[in-house]
Amino acid sequence: MIISNGLSRVGVAGLLLGVSLAASAREPVTQASADIRRTSYGVPHIRANDERGLGVGIGYAYAQDNLCLLANEIVTVNGERAKFFGPEQATLEERNNLASDVFFAWLNNPEAVASFWKAQPPELQQRIQGYVAGYNRYLKEQGAPAQCQAAWVRPLVVEDLVKLTRRLLAEGGVGQFAEALVGATPPQAIATVQPSAKAFELAAASQQRFTLDRGSNAVAVGRDRSFNGRGMLLANPHFPWVGGMRFYEMHLTIPGQLDVMGAALPGLPVVNIGFNQHVAWTHTVDTSKHFTLYRLTLDPKDSTRYLLDGKSIPLDKTTVTVQVKQADGSLKDVTHTVYSSQFGPVVQWPGKLDWDSHYAFSLRDANLGNDRVLQQWYAMNRAGSLKELQTSVHTLQGIPWVNTLAADDQGQSLYMNLSVVPNVSAAKLAQCSDPRAGLQMIMLDGAHSACAWDIDPRAAQAGIFPAAQLPQLQRTDYVQHSNDSAWMANPKAPLTGFSPVISQDNIGLGPRARFAIQRLQSLDKQPISVADLQSMVMDNQVYLAGQVMPDLLAFCAKHLGADAAALQPLCASLKDWDQHANLDSGVGLVHFINLMQHLQQIPDAWRVAFDPAHPLTTPTGLAIDRAPVAKALREAMLASSAEVNKLGLKRWGDIQVSGQIPIHGGPQELGIYNAMQTVPRADGKREVVSGTSYLQIVTFDDKGPNAVGVLAFSESSNPASNYSKDQTQAFSEKKLRPLPFTDAQIKADPQYQVQTVKE
C-alpha cells in the first residue's frame, strides 16, 4: 500500500484499525474454551488462551467434582433454604434455615451485589462469566449427580458467585452474628423471626470454633536457613472438610500471562493459597478485629431512635422477604425488618447484647466494604516476585481476615498482617470503649460521632488502617504463624506497639506456635530441608505432653490414694504412650485429651504461669500440689477411665476417622501441629470435620518451583467419584506427592488425561 504524505500517522492508524475491525466483524466469534488436563488424584490443570476460557475450564472442572456441594451453597447464599428444605431444618453449620435465609437476604441484597460486581475489573468479570458458563455447560450435558437431583439445583448466574464471595467476607464479622441480626427486635415489638435459645448457644459455640475450624500453620524460610539458599514455604491451613469452605486443588494457566497452582474455595475463580514460578504464599487466620460493636444510647421517648451528638436519629429499617415452605408444600412469604444505625445493623444477643429502652447495639463489619478481595488474589496469582506480591497487598488491601506468609526464589521470607482492620487507635479505644467489655470484642460508644472509625487517605477503603500501619516482617531466616497475634512471627524481631484492634503483644502464645518456634530453633545448626518441614506436621508430636507429662506421671505415682486400683490402667497407658497422635498411638492419647480438656478449664492449673519475659517456655507444668487442681485431675481421670473402658478401643487410628479411613493428628489445643477437629459418631468414633486440608511444601531452584502436597479430604465431594477418598487415603499414609507444574511434568504423569471444553 502506498500512503501519500498528506495522510497523517494518526489517520493511518485509524484506517488500519477500521480495516481490522471490519475484518473482525466478518469473522465468527471464537467460542471460549479450555483444556482440562488431569493428573493423579484427579487434579485439574486448566489451560486457556483468555480469561473467559479459563473461567469455563474452572467452572466445568469444579462441577465435575463438586456440583452438589456448590449447588447447596448457592441455595444458602441466596436465602432459599426455607423455600426448598423447610424453615425448621438447619444448614451444614447448624444454623436454622429461616434465620439463615433472612440473614443472607439482608447481606446479599440486590444493591450490594450489583455494586460488588460493578467494582470488578473486566478481566475478573470475564473469568467469572466463564466460570458460570462452564458450570452450566456441565450441568446441561451431564445433569446433577444422584444425591442432588432436585429442583434446587439450577444453572448459575454471575450474581451467585458474587454472593458466595460476600459470604466469605462476612465470615470474620457479621456472619458470626446472623442469629443476633435476625433476632434484633425493638422492646415490646413482636418478632417475625425469633431464633431460639438453642440457636444462640450454637452460634456462641460457632464463634468459639471459628479459629479452630479455620486455623492454620505456616512457615516461610529464607536463604539463611534453607537447604539450597532459596525460599521455602510450608502451608498448612486447617479448614473445614465439608461445605462452603472446603478447598479445591487446581492449576491455572494462560500461556505467557498466568501460571499458578494451589487451592481455592468453592465458587472462587482464583487460587487462594498456592505458588507460581517465583513465589509461594499461604494464609493463617489472624487475631485482628474486623468489626466493632457500637453501644447506642436510645431516645427515652422512642427505642427505635438513638442519640448521636445529642440529636435523636431514627434507626433505618430494611425489609427483607423470604419464601418459606409450608407443611402442605405451598410457599408463604415471610417478611422481616432489619434495623440499622449509621454504624451498621442492630444485633441483639440475649443476656449479652440486649435491646431495651436504654441501649441497643450495632455491628460495623469492615469487610462489607471490601470489594477488592477477588482482585487481591488475582494480583497475587500473577506476582512475579515477593516485592510484587507485597505491593499488591499494600495497594489493594483486599485480604479479608487472614495473615499472609510468603517465600520466593531469591531466598526471602515475608509475614504480613495486612487484612481489613477497623481504624481504631489505642487512643480512641481509651476514649471510646467500655473497659468492662475487654478486648475480646471491641465495644465503642455510639452516642458520639468522634468514636467512629478514623479515615486515613492512605487506606484503600474509608475507615480501615492503611497498610503502612499494620504489622509486617521480611526476613532471610524465617517467619512463622499459627493463629496468634503478630507479636512472635520471629522471636528475634518481635512486632510490638500496635493498636489492640490490630495485634496484642505480651500475651500467651498458643501451643502450636510454641512448638513451631522451638522446632525451628532446634534446627538452628543445620539447613532446613523439605523433610524437616514435612515432619513438623506429619510426626504428630503432642507438644503439651512434653510440658505436663512429668507431673501427670508423678500424680500417678504418689497421689492416687483409694483410686489407685481403678486408675492403674489409665496411668499405665499414659506411661506407655509415645506422646504423639499417630494412627498406632495408644489410648494414652485419648486419656491425655480428656484430662487436658478438663484441666484447661481450671483456674491456675499451670505450675508455672505465663511470663511475658519467657513467652516460648511458659506456661508449663501442672500444679498437682494445689488441692483444686488435684481434685479436678482425679475426677477427670475417673471419667476418662470409664469412657475408654466403655468404648474398648486400643489405638488412635481406630477412633479418629474420615468415613472408614483412619486419620492421624489431633486437637490443636494440645499443640498438635497437624490439628484436627472432630465430632462424635454413634459408633463411638470421631469424624473429622476440619483440620489439615490443603498441605503444600514449596521450594525453588534455577528452573522454578518444586512442590509436594496433598489435599487431605480429596478433590471430589461426590462419593461416587474416583477422586472422593484417594488423597484421604494418601494423607492417612502420610504420603505427599510431587505437584506437577511444568508441561513436561504434567504430561509425564501416569494418570494424565485431557479434555477440551467449550462454553
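Our structure's up above, just so we're on the same page.
A quick note: this is a predicted structure, and the numbers were derived from the prediction, not measured.

**Focus: helix α16 (residues 564-576)**
Reasoning step 1: Taking 1.5 Å of rise per residue, 13 residues should cover 18 Å, and α16 covers 17 Å from first to last C-alpha, within 8% of that figure.
Reasoning step 2: Of all the bends in α16, the greatest, near 25°, is centred on L570.
Reasoning step 3: Among the residues of α16, L567, L570, C571, S573 and L574 are the ones counted as buried.
Reasoning step 4: Structurally, α16 contributes buried residues whose contacts are with α15 (543-558), α17 (588-599) and α18 (627-647).

**Some details on the sheet that holds strand β14 (residues 344-345)**
Reasoning step 1: Taken together, 3 strands build an open sheet; the order of strands is β12-β13-β14 and the sheet is antiparallel. Since the sheet does not close on itself, it has two edges, and those belong to β12 (316-325) and β14, each with one partner.
Reasoning step 2: Bridging between β12 and strand β13 (residues 331-341) involves 10 bridges; their strand directions are antiparallel. Looking at the pairing, V322 lines up with V334 of β13.

**Quick look at the environment of Q755**
Reasoning step 1: Summarising the element assignment, Q755 is placed in strand β30 (residues 753-758).
Reasoning step 2: Residue classification places Q755 among the partly exposed residues on the basis of a relative accessible area of 31%.
Reasoning step 3: Along the chain, Q755 and A34 lie 721 residues apart, while their C-alpha atoms are 8.3 Å from each other.
Reasoning step 4: Among residues more than four places away in sequence, those in contact with Q755 are A34, D35, I36, Y60 and Q64.
Reasoning step 5: Only 3.0 Å separates the side chain of Q755 from the side chain of Q64, close enough to count as a polar contact.

**Considering the packing of aromatic side chains**
Reasoning step 1: Overall, the coordinates contain 16 aromatic pairs when judged by the stated rule.
Reasoning step 2: Seen in terms of ring centroids, W241 and F713 are 5.7 Å apart; in terms of plane orientation they differ by 70°. Their pairing is edge-to-face. Of the two residues, W241 sits in the loop between β4 (232-240) and β5 (248-254) while F713 sits in the loop between β28 (704-711) and α19 (726-732), which places them 472 residues apart along the sequence. Each member of the pair W241 and F713 is classed as buried.
Reasoning step 3: With centroids separated by 5.3 Å and ring planes inclined at 55°, the aromatic side chains of F515 and Y673 adopt a geometry described as tilted. Taken together, the residues span a long stretch of sequence, with F515 in helix α13 (residues 511-522) and Y673 in the loop between β24 (661-662) and β25 (676-680) at a distance of 158 residues.
Reasoning step 4: You can call Y673 buried: its relative accessible area is 1%.
Reasoning step 5: Through pairs of rings, three or more aromatic residues link up here, namely F84, F85 and W152.
Reasoning step 6: One Lys or Arg, R295, reaches over the ring of Y359 and ends 4.6 Å from the middle of that ring.
Reasoning step 7: When the ring centre of W453 is taken as reference, the NZ or CZ atom of R364 above it lies at 3.8 Å.

**Here's the deal with the packing of α16 against α18**
A pair of packed helices is captured by two measures, namely the crossing angle of their axes and the spacing between those axes.
Reasoning step 1: Running from amino to carboxyl end, α16 crosses α18 at an angle of 75°, the nearest separation of the two axes being 10 Å. Taken as axis vectors, α16 and α18 run roughly perpendicular relative to one another. On the side of α16, the interface is formed by A566, L567 and L570, while α18 contributes M637, L638, S640 and S641.
Reasoning step 2: Residue composition of the contact of α16 with α18, grouped by class: 5 nonpolar, 2 polar and no charged.

**Comments concerning the pairing of strand β20 (residues 478-481)**
Reasoning step 1: Side-chain alternation along β20 places Y478 and Q480 on one buried face and V479 and H481 on a second face that is also buried.
Reasoning step 2: With 4 bridges connecting them, strand β3 (residues 216-221) and β20 associate as antiparallel partners. Within β20, the residue paired with V219 across the bridge is Q480.

**Notes on α15**
Reasoning step 1: Largest kink in α15: about 50°, centred on M549, with the proline P550 one to four residues after it.
Reasoning step 2: Among the residues of α15, Y543, L544, A545, Q547, V548, M549, D551, L552, F555 and C556 are the ones counted as buried.

**What about unusual backbone geometry?**
Reasoning step 1: Residue T618 is joined to P619 through a cis peptide bond whose omega torsion reads 0°.
Reasoning step 2: Mapped onto the elements of the fold, P619 is located in the loop between β21 (606-608) and β22 (620-622).
Reasoning step 3: Despite not being glycine, N540 has its phi angle at roughly 55°, a positive value.
Reasoning step 4: Mapped onto the elements, N540 comes out in the loop between α14 (530-538) and α15.

Rules used throughout
- Residues numbered from 1 in each chain as written.
- Predicted model: local features only at pLDDT ≥ 70, side-chain atom pairs only at ≥ 80, totals over all residues.
- Heavy atoms only, no water.
- Helix = DSSP H or I, 4+ residues; strand = E, 2+ residues; numbered from the N terminus.
- Expected span 1.5 Å × (residues − 1).
- Bend = angle between axes of the 7 residues up to and from the residue.
- Buried < 20%, exposed > 50% of the residue type's maximum accessible area, 1.4 Å probe, protein only.
- Contact = heavy atoms within 4.5 Å.
- Pairing = 2+ DSSP bridges.
- Polar contact = N/O pair within 3.5 Å; in protein donor to acceptor, adjacent residues only side chain to side chain.
- Phe/Tyr/Trp six-rings, centres within 6.5 Å; stacked < 30°, edge-to-face > 60°.
- Lys NZ or Arg CZ within 6 Å of the ring centre and 35° of its normal.
- Axes fitted to C-alpha atoms, helices over the stretch in contact; angles between N-to-C directions.
- Parallel < 35°, antiparallel > 145°, perpendicular 65-115°, else oblique.
- Nonpolar A, V, L, I, M, F, W, Y, C, P; charged D, E, K, R; others polar.

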